[in-house]
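Report on the structure
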Amino acid sequence: MKTVFYSNRTMDRAILNPTDTVKPIENFPEVCISTFSKRIIDRVSTQSNAEVITNLITANGENPVYKITYGGKEFAFYLSLVGAPASVSCFEEVIASGAKKFVFFGCCGVLDDDTVQHNLIVPTGAVRDEGTSYHYLAPSDEIAPDQEITKRLTECLERCGCPYTAGKIWTTDGIYRETLNTITERKEAGCIAVDMEYSALLAAAKYRHIPFVQFFIVQTAWIMGNGNKEI
């Protein structure tokens, strides 16, 4: 797996922290939803009750965070950037703004089409083949989500009649370096899909003690490929 360049540095305080530049926002919604689909964000922004409550400032420009009301409850909603470092940086800043719980969703590549078919994917764990998570948690080949939170997600999907498949996610930085040998290894390790952010977001959530859950949407054209395309 990964050569270990990291020690117990994850316990050291960082020189720059999200709270150094991002201040809490009064009445920020407790629950935040994020997706990698700009098309969905654009739909949300046109809703009559959508309100911009802050902007995430990046070198690519401003990324608005919206407040929406659904079912009598307020939620924050924003576009997560693609790639582990970018997505975790935004995640950190939204936590600093005041969010307490997170639900993420986005597309992924499929490694086992016979198992997944057209179902949603609920992660049972992730192979850490990216660099960001190793700055948040001690080195390990894999990371697992909170079982109770995952159970709540699956119960919700079952109530809504949404079929899903549970399995491991392979998170990798190298979208164009997914070789046949590596794919075979990941499938043998139990991975059914591949993405670029999940293990890093999960590690950051564990480090910050933030409840976090993510599910994935499958597009069948991406067999043996990577996700995060627009839906």
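Residues numbered from 1 in each chain as written. Predicted model: local features only at pLDDT ≥ 70, side-chain atom pairs only at ≥ 80, totals over all residues. Heavy atoms only, no water.

On any regular strand, side chains alternate: one points to one face of the sheet, the next to the other face. Alignment of strand S6 (residues 120–129) against strand S8 (residues 164–172), held across 9 bridges, turns out to be parallel. By the bridge assignment for S8, glycine 125 is matched with lysine 168. The sheet contact formed by S8 and strand S9 (residues 191–195) spans 4 bridges and is parallel. By the bridge assignment, tryptophan 170 is partnered in S9 with valine 194. What joins S8 to S9 is helix H6 (residues 180–188), and the crossover it makes is right-handed. (Pairing = 2+ DSSP bridges. Helix = DSSP H or I, 4+ residues; strand = E, 2+ residues; numbered from the N terminus. Right-handed = clockwise from strand over helix to strand, strands pointing away.)

The full count for this structure, using the stated rule, is 9 salt bridges. The residue lysine 101 makes a salt bridge to glutamate 30 at a minimum N-O spacing of 3.2 Å. On the criterion of sequence distance, the pair formed by lysine 101 in strand S5 (residues 101–110) and glutamate 30 in the loop between helix H1 (18–21) and strand S1 (31–35) is long-range, its members being 71 residues apart. Classification of lysine 101 as partly exposed rests on a relative accessible area of 37%. (Salt bridge = Lys/Arg side-chain N within 4 Å of Asp/Glu carboxyl O. Buried < 20%, exposed > 50% of the residue type's maximum accessible area, 1.4 Å probe, protein only.)

As a further point, take the environment of glutamine 214. Along the polypeptide, glutamine 214 turns up in strand S10 (residues 212–223). Along the backbone, glutamine 214 and threonine 150 are 64 residues apart, and their C-alpha atoms lie at a distance of 8.7 Å. In contact with glutamine 214, other than residues within four places in its own chain, are Phe36, Phe104, Phe105, Pro123, Leu153, Asp195, Tyr198 and Leu201. (Contact = heavy atoms within 4.5 Å.)

Membership of the largest hydrophobic core comes to 38 residues, with the highest contact counts inside it found for Tyr78, Phe91, Val94, Phe102, Ile121 and Phe212. With 7 residues, helix H7 (residues 198–208) is the largest single contributor of residues to this core. Excluding residues within four positions of it along the chain, phenylalanine 91 makes contact with Tyr78, Phe102, Phe104, Leu201, Ala204, Ala205, Ile210 and Phe212. Membership of the second largest hydrophobic core comes to 16 residues, among which are Ile40, Ile41, Phe75 and Val213. (Core = buried A, V, L, I, M, F, W, Y, C linked by side-chain atoms within 4.5 Å.)

Moving on: the packing of aromatic side chains. Scanning the entire structure with this criterion turns up 11 aromatic pairs. Ring pairs connect the aromatic residues Phe36, Tyr78, Phe91, Phe102, Phe104, Tyr198, Phe212 and Phe216, which therefore count as one cluster. Here the guanidinium or amino end of arginine 128 rests over the ring plane of tyrosine 134, the centre of that ring lying 4.1 Å away. (Phe/Tyr/Trp six-rings, centres within 6.5 Å; stacked < 30°, edge-to-face > 60°. Lys NZ or Arg CZ within 6 Å of the ring centre and 35° of its normal.)

The buried fraction of H7 amounts to 8 of the 11 residues, a majority that puts the element mostly inside the structure. The set of residues buried in H7 consists of Tyr198, Ser199, Ala200, Leu201, Leu202, Ala203, Ala204 and Ala205. Immediately downstream of H7, the backbone of histidine 209 shows phi near 60 degrees, a positive value.

Turning to unusual backbone geometry, a few remarks are in order. Residues other than glycine seldom take positive phi values, yet glutamine 117 does so here, at roughly 55 degrees. Structurally, the position occupied by glutamine 117 is in the loop between helix H4 (113–116) and S6. Look at histidine 209: it is not a glycine, yet its phi comes out positive at around 60 degrees. Tracing the backbone shows histidine 209 in the loop between H7 and S10.

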